[in-house]
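Inside the fold
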Amino acid sequence: MDGLLADRVALVTGASSGIGAATALRLAAAGAHVVLAARRLDRLEALAAGIAGQGGSASALPLDVAHDADVAAAAGTLRDRHGRLDILVNAAGVMLLSPVAEADPAEWRRMVEINLIGLMQVTRAVLPLMPSGHGHVVNIASLAGRIANPGASGYAATKFGVVAFSESLRRELVGRRIRVTVVEPGVVVTELQEHVTHPAARATLLERMAAVESLEAEDVAAAVFYAVSQPPRVGVNEILLRPAGQE
Ligand code: NDP
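Definitions and cut-offs
Residues numbered from 1 in each chain as written. Predicted model: local features only at pLDDT ≥ 70, side-chain atom pairs only at ≥ 80, totals over all residues. UniProt positions renumbered as here; feature names shortened; annotations may be inferred. Helix = DSSP H or I, 4+ residues; strand = E, 2+ residues; numbered from the N terminus. Expected span 1.5 Å × (residues − 1). Buried ≥ 20, exposed ≤ 12 C-beta atoms within 10 Å, placed from the backbone. Arc of directions from axis to C-beta. Contact = placed C-beta atoms within 7 Å. Core = buried A, V, L, I, M, F, W, Y, C linked by C-beta atoms within 7 Å.

In the annotation of an unreviewed UniProt entry, the entry for the chain reads NADP-dependent 3-hydroxy acid dehydrogenase YdfG, and the organism field reads Labrys wisconsinensis. According to its UniProt record, the chain has this under Sequence similarities (unreviewed entry): "Belongs to the short-chain dehydrogenases/reductases (SDR) family."

In structure tokens form, the structure reads like this:
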């Protein structure tokens with residue numbers, strides 16, 4: 001425990017796995033109370049117990065970011081339990097790849113509802129709880145929010161959307177001194193790749209992943225921690241991190 005985030009309350013969505021889980025661990029190790037949100041409550045409870053076992057503080061909050069009623073209820077729970085929120089990390093997301101001509105529109109909708117609208121709704125719902133002067137929103141976009149590869153149109157559309165939303169939000173919140181950071185990782189080894197159903201898109205992805213040493217979730221968590229642990233005068237607007245071997 002390094003104590004840099006002592007007395008801070010952080011909400012991490014997508015905390016049941018991958019980047020969200022690693023980020024939750026990193027923020028808790030720095031002394032924040034971390035509210036762990038996702039759909040799989042058993043995973044969240046296990047992570048909360050692990051954090052408590054290391055001397056940290058965390059609680060589980062079941063949340064489907066694609067359900068407006070869930071989002072509103074989660075914001076209400078945060079208000080009742082903590083009265084405020086200092087750090088929001090929006091990490092919940094899904095990646096469903098396929099060429100446009102063979103895409104399942106239901107997969108496009110799912111990505112838009114989770115990766116983009118869900119992130120926007122969670123942000124909107126918790127903003128009233130953020131104190132002016134030291135609130136911080138961190139949105140996990142992707143390298144796919146900067147470079148749109150063939151076969152990733154729907155996913156890239158959501159991540160370009162997250163980058164645009166984050167920049168507009170950042171400018172809106174400057175007056176309240178609430179900071180906004182967008183993090184854009186290249187390939188990270190997590191469960192994200194497991195959900196791709198299109199066989200050729202999946203094969204291409206696995207080939208790309210085998211060609212370079214991927215990032216680990218902890219590398220992205222370290223980037224998030226860097227952004228949120230800077231002095232209040234420092235606004236880290238954007239962090240783009242690729243595996244060192246990726247072109
Ligand atoms: P994982 O699949 O390991 O984690 C995704 C998380 O999102 C899980 O905790 C999952 O929890 C949660 N989630 C999915 N749908 C919902 C929902 N409807 N409501 C709430 N939570 C949801 O993948 P990553 O950790 O890799 O992904 C985290 C973020 O990082 C995503 O936004 C992804 O796009 C982004 N990213 C990932 C990269 C990579 O290569 N892995 C690269 C660049 C960006 P549950 O199922 O329990 O709800």
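When the terminal C-alpha atoms of helix 3 (residues 68–82) are compared, their 21 Å separation across 15 residues agrees well with the 21 Å that a helix rising 1.5 Å per residue should span. Looking at helix 3, one finds that the buried residues are Asp70, Val71, Ala74, Ala75 and Leu78. Projected onto a plane normal to the axis of helix 3, the buried residues spread over an arc of 135 degrees and lie on a single side. Residues of helix 3 that are exposed and point more than 90 degrees away from the buried face comprise Ala69, Gly76 and Asp80. Buried residues belonging to helix 3 abut strand 1 (9–13), strand 2 (33–38), strand 3 (57–62) and helix 4 (105–126). Glycine 83 occupies a position one or two residues after helix 3 and carries a positive phi of about 80 degrees.

We now examine the nonpolar core. In terms of nonpolar packing, the biggest core is built from 79 residues, with Ala24, Val34 and Leu36 touching the most fellow members. Those residues in contact with leucine 36 that sit more than four places away from it in its chain are Val12, Ala15, Ala24, Leu44, Leu47, Ala48, Ala58, Ser59, Ala60 and Leu61.

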